[in-house]
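Residues per chain are reported as follows:
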Amino acid sequence: MEKMVTRRQFIITGATGLAAIYGISACTKSDSSLSTSENVKAAVIDPPTGEVFKDPPEMPNLSANAGVVEIALEAKTAKVKIKGVNADLMTYNGYFPQQTIRVRRGDNLIVNFKNSLPLTTEKNILGYTKNITNIHTHGWHVSPSGKSDNVFRHINPGEEFLYEYDTSKQEAGTLNFLHSHGHGLITEQMWGGIAGCALVVADEVDGLSGFETHIMSLNDMSLVGTNPAPHTHEDYMNGKEGDIVMVNGQINPLLPIRPGQVQRWRVVNASTARYYKLSLEKHTMYLIGTDGGLLDKPYPLSDILLTPGERVDLLIKADQGSGNYRFLSMPYDRGGNVPQTITIMTASYSENSVKDEIPASVNPNAKKLNMDTASLRKAQIVLSMGVNKGLINNKSFGDDPFVHTSKVGTFELWEIQNFSGMDHPFHQHVNPAQIISMKGGEKGYASLYSSIPAWKDTINVPKGGSVTMLVPVRDFSGKTVFHCHIIEHGDLGMMAVWDIVK
Ligand SMILES: [Cu+2]
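Reading the values: rules and limits
- Residues numbered from 1 in each chain as written.
- Predicted model: local features only at pLDDT ≥ 70, side-chain atom pairs only at ≥ 80, totals over all residues.
- Heavy atoms only, no water.
- Helix = DSSP H or I, 4+ residues; strand = E, 2+ residues; numbered from the N terminus.
- Rg over C-alpha atoms; globule rule 2.2 N^0.38 Å.
- Buried < 20%, exposed > 50% of the residue type's maximum accessible area, 1.4 Å probe, protein only.
- Contact = heavy atoms within 4.5 Å.
- Areas by Shrake-Rupley, 256 points an atom, 1.4 Å probe, with all protein chains shown as cover.
- Pairing = 2+ DSSP bridges.
- Salt bridge = Lys/Arg side-chain N within 4 Å of Asp/Glu carboxyl O.
- Donors = N, O, S within 2.8 Å, 3.2 Å for Na, K, Ca; no water.
- Axes fitted to C-alpha atoms, helices over the stretch in contact; angles between N-to-C directions.
- Core = buried A, V, L, I, M, F, W, Y, C linked by side-chain atoms within 4.5 Å.
- Domains from an automatic or database assignment.
- Buried area = accessible area lost by both parts, 1.4 Å probe.
- Polar contact = N/O pair within 3.5 Å; in protein donor to acceptor, adjacent residues only side chain to side chain.

Draft legend 1. Region of interest: the overall build of the protein chain. Along the protein chain, the regular secondary structure elements total four helices and 34 strands. In summary, the protein chain has a C-alpha radius of gyration of 21 Å against a globular reference of 23 Å for 502 residues, a match within 12%. Considering only C-alpha atoms, the protein chain reaches an extent of 60 × 55 × 45 Å along its principal axes. Across the 502 residues that make up the protein chain, the buried fraction comes to 59%. Residue pairs in contact within the protein chain that sit at least 24 positions apart in sequence constitute 77% of those at least 6 positions apart. Approximately 18,800 Å² of the protein chain is accessible, and the part contributed by carbon and sulfur atoms is 52%.

Draft legend 2. Local environment of the pairing of strand E9 (residues 160-166). Burial along E9 is one-sided: the residues Phe 161, Tyr 163 and Tyr 165 are buried and none of Glu 160, Leu 162, Glu 164 and Asp 166 is. Inspection of the sheet shows strand E7 (residues 108-115) paired to E9 by seven bridges, in the antiparallel sense. Looking at E9, one finds that Leu 109 is bridged to Tyr 165.

Draft legend 3. Here's a closer look at the pattern of salt bridges. On inspection of all chains with the given rule, the structure shows 25 salt bridges. Among the ionic pairs, Lys 456 bridges to Asp 291, the shortest N-O distance being 3.2 Å. You can see Lys 456 sitting in the loop between helix H3 (443-451) and strand E31 (458-461) and its partner Asp 291 sitting in the loop between strand E19 (285-290) and strand E20 (293-301), a full 165 residues away along the chain. Using a relative accessible area of 0% as the deciding quantity, one classes Asp 291 as buried. Within this structure, Asp 291, Glu 310, Arg 311, Lys 456 and Asp 457 form a network of salt bridges that share partners.

Draft legend 4. Structural context of the coordination of the copper ion. Those donors, His 424 (ND1), Cys 484 (SG) and His 489 (ND1), are the protein atoms that reach the copper ion, and they lie 2.0 to 2.1 Å from it. Between consecutive donors of the copper ion, the numbers of intervening residues give the motif H-x59-C-x4-H. Of the two residues, Cys 484 and His 489, both sit in the buried class.

Draft legend 5. Structural context of the sheet that holds strand E30 (residues 434-439). What the five strands build is an open sheet, ordered E26-E25-E28-E32-E30; its pairing is mixed. Two strands in the sheet have a free side with no partner beyond their single neighbour: strand E26 (389-392) and E30. When strand polarity is set aside, the average angle formed by the axes of neighbouring strands in this sheet is 20°. In the sheet, strand E28 (residues 410-418) pairs with strand E32 (residues 466-473) via eight bridges, with the strands oriented antiparallel. Within the sheet, the bridge partner assigned to Leu 413 lies in E32 and is Leu 470.

Draft legend 6. A look at the nonpolar core. Among the nonpolar cores identified, the biggest contains 68 residues, and Trp 265, Leu 278, Leu 287, Phe 426 and Tyr 449 are the most heavily contacted of them. Per element, the largest residue contribution to this core is five residues, and it comes from strand E24 (residues 341-349). Filtering out sequence-adjacent residues up to four positions away, Phe 426 remains in contact with Ile 381, Leu 383, Trp 414, Ile 416, Asp 457, Thr 458, Ile 459, Val 461, Met 469, Phe 482 and His 483. Counting 25 residues, the second-largest nonpolar core is a separate cluster that includes Tyr 92, Ile 135, Tyr 163 and Tyr 165.

Draft legend 7. How the structure looks around the sheet that holds strand E22 (residues 311-317). Spatially, E15-E12-E17-E22-E19-E20 is the arrangement adopted by the six strands of the open sheet, whose pairing is mixed. Two strands lie at the open edges of the sheet, namely strand E15 (244-247) and E20, each paired on one side alone. Averaged over all pairs of adjacent strands, the angle between strand axes in this sheet comes to 25°, irrespective of strand direction. Across five bridges, E19 lies against E20 in antiparallel orientation. Among the inter-strand pairings, Thr 290 is bridged to a residue of E20, identified as Gly 293.

Draft legend 8. Region of interest: the side chain of Thr 137. Note on placement: Thr 137 falls in strand E8 (residues 136-138). The class for Thr 137 is buried, based on a relative accessible area of 0%. Setting aside residues up to four positions removed in sequence, Thr 137 forms contacts with Val 142, Asp 149, Tyr 165, Phe 177, Leu 178 and Leu 199.

Draft legend 9. Focus on the domain arrangement of the protein chain. The domain architecture assigned to the protein chain consists of domain 1 (68-201) and domain 2 (373-501). Computed over C-alpha atoms only, the centres of domain 1 and domain 2 are separated by 23 Å. Buried area between domain 1 and domain 2, summed over both chains or domains, comes out near 2,000 Å², and the portion from carbon and sulfur atoms is 64%. It is His 141, Phe 152 and His 183 in domain 1 that bury the most area against domain 2; as a group they hold 29% of the surface buried on that side. At the boundary of domain 1 with domain 2, the tally comes to zero salt bridges. Linking domain 1 to domain 2 there are 18 residue pairs in polar contact (both at pLDDT 80 or more).

The structure is reproduced here in structure tokens:
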């Protein structure tokens, strides 16, 4: 039977026996025994400004051949400084934030992957043997089979695997990201640090090349000693949010911007469960790209919701008086969380002024699909929560997955319904879609994504609401998946098989 998640369920007891209070907008320390940040969630996280903002490091290309990008990627534990603590994280190549991988459309990306996570027979709280992993090129329109974006292949500790991706069908001007995707294990690996490795496909438009550009991977974490705080069953149900909120591993860094300058900020939400409602104090943000590529023109916004797995490509113009302006995440009640105001970063006006302008157009090829959807094949996809289970059409992936079969070369109309008391960010692999309509949730988010020519691989499905989207099933056959990108819910089974046949 369907079980709705109620606020009552968010009042939980932690493993230590201390009460943890969730689900109300402003928590106070009413009990002096609630001493650790794990147990009390503040309504405001406003750390002092930190070091100067750093972009993620770049991944070296090992190939000298034109049209080939070859990298070495090793999943391994490493010491990483998090908020002054030498934390024991899971990483790619020892980096947190991860290194950025850059390709041009048409390049072959070759990944020499090695799983150097410790070999163990220990199982996690969901019953999955730890440290088995693999990689997923989130958002890439590439084959889901063989050595490509194949999430059904698992790489055991000590094993190596050669992944190879033909990017000739992947849209240019995109920011995607690479993360692990071994079912039942994704949460602890992404939460533990294997998250947010940016995959950048170069632009094929001219108008943006002059702007100072930054990549921003948003992650959150809580530490117990030097380790990422372990997940309880309640954390899996609610989606765990950390009290350390970072951009590129930094806490509230200072990003210099010149008066009058336009900067391009390419932002990925690489958190497991935290929603960000992004806003820059006293500034308009101009949306120029989304998950699947660049838009036709800039869309001015005062704020934008960014759910786990989503990306936004923003232009920011420094058109205010000199000073510091906070890049904030505003409170958002997704259900199961504590709405918080968080300072992610601080833009700091400095140096001489320049006279940049927001361009009038970006990508003239970006178009909203104009089709008669009445004759299309329809799919109904229902997201819900059971007891320690996530469900799609009442089936849990780890038990007996729901299977949706599609045919290459067709278009389908998917209605994704949310029969639960929490929002769920829905993510489908391989084929991005266009949003036709949304019911429930934020009006601004719904009207934006149902009107602009955006390609989406991740879209928020509001609690009690629905999303209708047009899905072109293009180019590639093979088995892949769609799932909730609150990673905890995916691991609980809110994931289904998408079997694409010729
Ligand atoms: Cu979910």
